[in-house]
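# Results of the structural survey
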Amino acid sequence: MKINIFGAGTWGLAIANYLASRENTIHIFYRISSKSGFNPNTYKHKHLQSFTLNKNVKISSNIKDFNLDYLNIIAVPSHSINSIMKLIYKKDSQYLLLSKGFDH
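Residues numbered from 1 in each chain as written. Predicted model: local features only at pLDDT ≥ 70, side-chain atom pairs only at ≥ 80, totals over all residues. Heavy atoms only, no water.

## Describing the nonpolar core
Ile5, Ile26, Ile28 and Val57 are the most contacted members of the largest nonpolar core, which totals 19 residues. For this core, the elements supplying multiple residues, two or more each, are β1 (2-6), α1 (10-21), β2 (25-29), β5 (57-60) and β6 (71-74). Setting aside anything within four residues of it in sequence, one finds isoleucine 26 in contact with Ile3, Ile5, Ala16, Leu19, Ala20, Asn56, Val57 and Lys58. Core analysis: the second largest hydrophobic core is formed by 9 residues, Phe29, Val76, Ile84 and Met85 among them. (Core = buried A, V, L, I, M, F, W, Y, C linked by side-chain atoms within 4.5 Å. Buried < 20%, exposed > 50% of the residue type's maximum accessible area, 1.4 Å probe, protein only. Helix = DSSP H or I, 4+ residues; strand = E, 2+ residues; numbered from the N terminus. Contact = heavy atoms within 4.5 Å.)

## As for α1
For α1, with 12 residues, the first-to-last C-alpha span of 17 Å sits near the 16 Å given by 1.5 Å per residue. Inspection of α1 places Gly12, Leu13, Ile15, Ala16, Asn17, Leu19 and Ala20 among the buried residues, and these make up the whole buried set. Buried residues in α1 make contact with β1, β2, β3 (38-39), β4 (44-45), β5 and β6. Just past α1, the residue glutamate 23 takes up positive phi, approximately 65 degrees. (Expected span 1.5 Å × (residues − 1).)

What follows is the structure, encoded as structure tokens:
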């Protein structure tokens, strides 16, 4: 199965690795931000230094690289769901929310 994951934090990367280990092809979207702990050059997160991503995981910050007809997993904090959905919403696409926290 081909799956998009929006969010390259510790939660998104862990889910991506698990799903990739089950022979799925995973494509992760990350935002370029000074707050982000993810380094796209090393494929490492500052809180997961010994963590190695599965070879079936691809990473991009370009939303045009994603086929939204695949399953779309949203793994960002609750306060970021709205901004991500504005970027990726497509009628009749499938979405799975794995967010945590509250949006005030």
